[in-house]
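Structural description and commentary
Chain by chain, the residues:
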Amino acid sequence: KKIKFVNNIITFPFGVGALPQIVEQEKNYDYFFSNRALEENYNIDLVINIFAGIYEKNKEAKLFIANKGRKCGYYISVPKSDSTSVSLLEAMSYGCIPIVSNIPANTEWIEDKINGLYYERSKIPEFLCNAFRINREIISERAIWSNNIKKFVKIILGE
């Protein structure tokens with residue numbers, strides 16, 4: 001009975017439970033990870049090809065597939081289609097620099113060359129000095145589950 005109709009439409013992701021405790025100095029920008037499934041939609045062959053180009057320029061680089069990736073500096077996810085990926089949000093919360101496909105679900109979270117990179121065949125990632133801080137701010141503001149559900153409840157109750 002307390003729920004009031006509001007003419008606004010809101011959307012929010014499931015998000016992450018909390019912003020993890022991590023400092024940028026713990027990141028290794030020679031480490032790349034992709035924890036997406038090995039299904040066709042997730043283009044694992046493209047992830048490997050992207051990394052092959054990176055490895056040509058940096059022989060210290062390592063690729064982790066389906067791993068925790070906590071110390072990795074980069075996150076690679078280049079699906080053909082997707083909704084907001086909790087994996088992407090988790091990677092951002094850990095300050096990883098995302099390398100993603102240019103699809104609507106990713107462009108909602110990633111600004112090319114600001115807090116991540118849209119994959120293009122000619123681009124090899126370079127360190128983005130502000131991405132660690134920017135990604136953690138984005139997650140803190142928009143993707144913490146408990147904060148989002150509180151906002152949602154306030155809206156539906158008309159508070």
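Residues numbered from 1 in each chain as written. Predicted model: local features only at pLDDT ≥ 70, side-chain atom pairs only at ≥ 80, totals over all residues. Heavy atoms only, no water.

1. A few points about the nonpolar core
Generally speaking, nonpolar side chains in soluble globular proteins are found buried as a group. In this structure, Phe32, Ile76, Leu88, Met92, Trp109, Ile110 and Ile139 are the most contacted members of the largest nonpolar core, which totals 37 residues. The dominant element in this core, judged by the number of residues it contributes, is helix H1 (residues 44-57), at 6 residues. Those residues in contact with methionine 92 that sit more than four places away from it in its chain are Pro98, Trp109, Ile110, Asn115, Asn135, Arg136, Ile138 and Ile139. (Core = buried A, V, L, I, M, F, W, Y, C linked by side-chain atoms within 4.5 Å. Buried < 20%, exposed > 50% of the residue type's maximum accessible area, 1.4 Å probe, protein only. Helix = DSSP H or I, 4+ residues; strand = E, 2+ residues; numbered from the N terminus. Contact = heavy atoms within 4.5 Å.)

2. Regarding the confidence of the model for the chain
Here the chain shows a mean pLDDT of 84. Residues at 70 or above account for 86%. Taken element by element, the chain is modelled with least confidence in helix H5 (residues 145-156), mean pLDDT 87, and with most confidence in helix H3 (residues 104-107), mean pLDDT 94. (pLDDT = per-residue confidence, 0-100.)

3. Examining the sheet that holds strand E3 (residues 72-77)
With parallel pairing, the 5 strands of this open sheet are ordered in space as E2-E1-E3-E4-E5. Of all the strands in the sheet, just strand E2 (62-65) and strand E5 (117-118) have a single pairing partner and so form its edges. (Pairing = 2+ DSSP bridges.)

4. Remarks on the packing of aromatic side chains
Each pair of aromatic rings is reported with the distance of its centres and the angle of its planes. For the structure on display, the rule yields 6 aromatic pairs. Seen in terms of ring centroids, tyrosine 31 and phenylalanine 64 are 5.2 Å apart; in terms of plane orientation they differ by 65°. Their pairing is edge-to-face. Within this pair, whereas tyrosine 31 is found in strand E1 (residues 28-34), its partner phenylalanine 64 is found in strand E2, the two being separated by 33 residues in sequence. Judged by its relative accessible area of 23%, tyrosine 31 is partly exposed. Ring geometry for phenylalanine 32 and phenylalanine 51: centres 5.8 Å apart, planes at 65°, overall edge-to-face. Here phenylalanine 51 lies in helix H1 and phenylalanine 32 lies in strand E1, a separation of 19 residues in the sequence. (Phe/Tyr/Trp six-rings, centres within 6.5 Å; stacked < 30°, edge-to-face > 60°.)

5. Side note on the pattern of salt bridges
This structure, assessed with the given rule, holds 4 salt bridges. With a shortest N-O distance of 2.7 Å, aspartate 82 and arginine 36 are connected by a salt bridge. One end of the pair, aspartate 82, is in the loop between E3 and helix H2 (86-93); the other, arginine 36, is in the loop between E1 and H1, with 46 residues separating them in the sequence. Classification of arginine 36 as buried rests on a relative accessible area of 9%. Put simply, glutamate 137 and arginine 133 hold a salt bridge, and the shortest N to O gap is 3.2 Å. In this pair, glutamate 137 and arginine 133 both sit in helix H4 (residues 131-142), 4 residues apart, roughly one turn of the helix. On the accessibility criterion, glutamate 137 (36% relative accessible area) is partly exposed. (Salt bridge = Lys/Arg side-chain N within 4 Å of Asp/Glu carboxyl O.)

6. A word on unusual backbone geometry
Phi is positive for asparagine 43, close to 50°, though the residue is something other than glycine. Mapped onto the elements of the fold, asparagine 43 is located in the loop between E1 and H1. A residue is classified by how much of its surface remains accessible, and asparagine 43, at 13% relative accessible area, is buried.

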